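What follows is each chain in one-letter form.
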Amino acid sequence: MELQFPLFIIVLFTPTWCKVGFVKDSGMDTIFPPPFGEHSSEYIPRGHLRPLGFQRRPERRITEYKGLPSSFAFYHGYVKEEQAIIFHEAVPTEKMDIWTDDYLKQTYGDVKVRVTIKRAISSGQEYKLLKLKKFLKEYKFEDWYLSTIIPQEMRKDMPFPKVLQCGTVSQYLHESQLWMSSGGTLSLLHYHGDHQFHCLLAGRKDFIFIDKKFAADFGMEKPDDFTGSSHSAMNTEMVNMYKYEKAAIAPWEWATLRPGDCVFVPAGMLHHVRSYGRSISSVSHWTPTLTADFTDCDKEKNKPQATRTLDDANLIWTFMAGKRQLSNVKLNSESLRHHFFSLLRKNDQLPYVYFETFYLTALKGVKEIELPAEVWKLIDTKKVGHLTRDELAKMPKDTLEKVAKVLNRAHEVTDKSPLLSPRDEL
């Protein structure tokens, strides 16, 4: 008898790329602060393997203010006192109506940006340099978020908050960053070495604030030599209360940002951030200083505030061709002295390692540069490995000019680009 077998036809297709997966949840209705009910177990610590914030009730919402005060009042009322505060309706958000993904792809799609790619808990996260259009194609599906210094080309679209436009704050602005994500994202518990003004332009963000005196309770890492920032390895999505038992003791405060709101985060303050929906933020950082000067603020009052964007800001760092660069294309003795004081922050000494990181960052990508240790010898004439505040103030101009000449090599090519407007001020 003849056996009959079914005939299977296998058709091979040429592989093509297609997106597999689901769009992340873009809901923004999460209850925050989290509900705090009865604890059901005497054996398991409250909030074990729950997100940060479930371990104890918050103390209070941080101070709120509608609009923005003067730069003088902002500094003396909050910056000097290192007090976190949220400003409602602080910056315009009309530009975000235009900033659709399609608009960003068409207008800035080829601009290179820094993207954070989260991995499994055991392997942490990594950073990649991608074209913006690649990020926009993936970010609604992948566990990615944009965290980049705002590229020079995009600064004209970013609002310049009034309180940052004059006085000591404006003189020591380091950089402004662009943050963008989709769905729920969260940060580590961390702090910055510089003050931060975080403005939400789209979406929603929740903040948890913890006083820096509790840093040891969360096992904060050694601060970065360049930024002064640090973070805890604690998983803020599932806190291990056996390891971080003092999370049940450390008091915390909170804030929720809606579009147009800005929050001031003092240097050194521990904080944790959660984002919801299609979230876009502009975040400015500036140096903590020992003194303050607002003599330039009177003339700033006469400038039309509505037209001011971050393109008008005098930032130390910008982002061009996929790398961090000094905005000033013609450093001289006084502008370099200013940068050194910015690196100093409130410290009494500028160690070699701070200079080395600054130098290598400024000259990244430049071929055949002088070794930082050799350039350091020009200014560390006592050969002690650091410079004091007084030594920086009194350093001869001709000495600083020699170092400035080396650093200006970073712009031998890029200062010819029409995208990089020349800046030779402080």
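The structure presented is a predicted model; accordingly, all values stated were derived computationally and were not measured.

**Description of the packing of aromatic side chains**
- Applying the stated criterion across every chain, the model contains 24 aromatic pairs.
- Ring plane angle 70° and centroid distance 5.7 Å describe the contact between W317 and F358, whose orientation is recorded as edge-to-face. Of this pair, W317 sits in strand β15 (residues 317-320) while F358 sits in helix α7 (residues 352-362), and the two are 41 residues apart along the sequence.
- Its relative accessible area of 2% is what places F358 among the buried residues.
- Through successive ring pairs, a cluster of aromatic residues spans F226, W317, F340, Y352, F355, F358, Y359 and W376.
- The positively charged end of R50 is found above the aromatic ring belonging to F54, 4.1 Å away from the centroid.
- The ring of Y276 has R204 sitting right over it, with the charged end atom 4.7 Å from the ring centre.

**Digging into the side chain of T148**
- Residue position: T148 is located in strand β6 (residues 144-149).
- The class for T148 is buried, based on a relative accessible area of 1%.
- Within the structure, the side chain of T148 is placed 3.3 Å from the backbone nitrogen of R114, a separation counted as a polar contact.

**Notes on the pairing of strand β16 (residues 323-326)**
- Across four bridges, β15 lies against β16 in antiparallel orientation. Bridge pairing in β16 links F319 to R324.
- With antiparallel pairing between neighbouring strands as the criterion, β15 and β16 make up a hairpin whose turn holds two residues, including A321 at a positive phi of roughly 50°.

**Considering helix α6 (residues 333-344)**
- Counted at 1.5 Å a residue, the expected span for α6 with its 12 residues is 16 Å, and the 17 Å between its end C-alpha atoms agrees.
- Along α6, the residues that are buried comprise S333, S335, L336, R337, H338, H339, F340, F341, S342, L343 and L344.
- If you check the start of α6, you find a side-chain oxygen 3.1 Å away from the backbone N of E334, and it comes from N332.
- After α6 finishes, the residue R345 shows a positive phi value of roughly 55°.

**Concerning the packing of α6 against helix α10 (residues 397-407)**
- Look at α6 against α10: their axes get within 8 Å of each other, and the N-to-C directions meet at 85°. Taken together, α6 and α10 sit at an angle that is classed as roughly perpendicular. Contacts from S333, E334, L336, R337 and F340 in α6 reach K397, L400, E401, V403, A404 and L407 in α10.
- Classifying every residue of the contact of α6 with α10 by side-chain character gives six nonpolar, one polar and four charged.

About the criteria used
- Residues numbered from 1 in each chain as written.
- Predicted model: local features only at pLDDT ≥ 70, side-chain atom pairs only at ≥ 80, totals over all residues.
- Heavy atoms only, no water.
- Phe/Tyr/Trp six-rings, centres within 6.5 Å; stacked < 30°, edge-to-face > 60°.
- Helix = DSSP H or I, 4+ residues; strand = E, 2+ residues; numbered from the N terminus.
- Buried < 20%, exposed > 50% of the residue type's maximum accessible area, 1.4 Å probe, protein only.
- Lys NZ or Arg CZ within 6 Å of the ring centre and 35° of its normal.
- Polar contact = N/O pair within 3.5 Å; in protein donor to acceptor, adjacent residues only side chain to side chain.
- Pairing = 2+ DSSP bridges.
- Expected span 1.5 Å × (residues − 1).
- Axes fitted to C-alpha atoms, helices over the stretch in contact; angles between N-to-C directions.
- Parallel < 35°, antiparallel > 145°, perpendicular 65-115°, else oblique.
- Contact = heavy atoms within 4.5 Å.
- Nonpolar A, V, L, I, M, F, W, Y, C, P; charged D, E, K, R; others polar.

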